[in-house]
Amino acid sequence: MTAAPRTRSRRDTPPPRTGGSEAEVLRGFLDYLRDSVRAKVEGAPEPAVRTAGVPSGTNLLGLLNHLTLVERATFLGERVGDWQATFHAAPEDGVADIVARYRDAVAEANAVLDGCTDLGAPLPRPRPDSRAPSARWALTHLIEETGRHAGHADILRELIDGSTGR
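Residues numbered from 1 in each chain as written. Predicted model: local features only at pLDDT ≥ 70, side-chain atom pairs only at ≥ 80, totals over all residues. Heavy atoms only, no water.

## A short note on the layout of surface pockets
Next up, step 1: Empty space within the largest pocket amounts to approximately 200 Å³.
Next up, step 2: Ala73, Gly77, Glu78, Arg125 and Arg131 are, among the 14 residues lining the largest pocket, the residues nearest its centre.
Next up, step 3: Of all the elements in the fold, those that place two or more residues in the lining of the largest pocket are α2 (60-76) and α4 (135-161).
Next up, step 4: Of the residues assigned to the lining of the largest pocket, the class counts are 5 nonpolar, 4 polar and 5 charged. (1 Å grid on protein atoms, 1.4 Å probe; cavity = no way out; pocket = protein on both sides within 12 Å on 5 of 7 lines; lining within 4 Å. Points joined across faces, edges and corners; volume = space filled by probe spheres on them. Helix = DSSP H or I, 4+ residues; strand = E, 2+ residues; numbered from the N terminus. Nonpolar A, V, L, I, M, F, W, Y, C, P; charged D, E, K, R; others polar.)

What follows is the structure, encoded as structure tokens:
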């Protein structure tokens, strides 16, 4: 029997304590999940960070690349032609590159949200002909999407080097 990789455990960060408004709660949980996924990718070694951990081809760096484009599409109205392709980072893009792009996308998304005073109103769009979701829908969708992939990232990172925790 082969010994399991030594687990490097980090202390779990509890869910955020937020203000009482709907916007504060939604944004607090989204930021919590964003930080969790980003932390799983930071410090992950090459080439394991881009190596598929499961038969579907899912890899840790590809997950963060995908979430970067989900942020940009949802909050900034950017179009994505091939969602499946977003799950793979370009060969020339390293961990620092993808993490930086994710941080930038999150900062731009948060700037849009800072201007939203009504969660029921549609998000602003660069093209007037594009349909926009409400800020509430966008926040809820990103919590679901990021949470789903945070779970994938937890498993993939543990497979890479035994690292666990948030």
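Back to the write-up after that little detour.
## Observations regarding helix α3 (residues 95-114)
Since the α-helix packs 3.6 residues into each turn, any two residues three or four apart lie on the same face.
Next up, step 1: For α3, built from 20 residues, the straight-helix expectation of 28 Å at 1.5 Å per residue is met to within 8% by its first-to-last C-alpha distance of 28 Å.
Next up, step 2: Every buried residue of α3 is accounted for by Val95, Ile98, Val99, Tyr102, Ala105, Val106, Ala109, Asn110, Val112 and Leu113. Down the axis, α3 shows its buried residues gathered within 155° of arc, on one side only. Relative to its buried face, α3 has exposed residues pointing more than 90 degrees away, namely Ala96 and Asp114.
Next up, step 3: Where the residues of α3 are buried, they touch α1 (22-41), α2 and α4. (Expected span 1.5 Å × (residues − 1). Buried < 20%, exposed > 50% of the residue type's maximum accessible area, 1.4 Å probe, protein only. Arc of directions from axis to C-beta. Contact = heavy atoms within 4.5 Å.)

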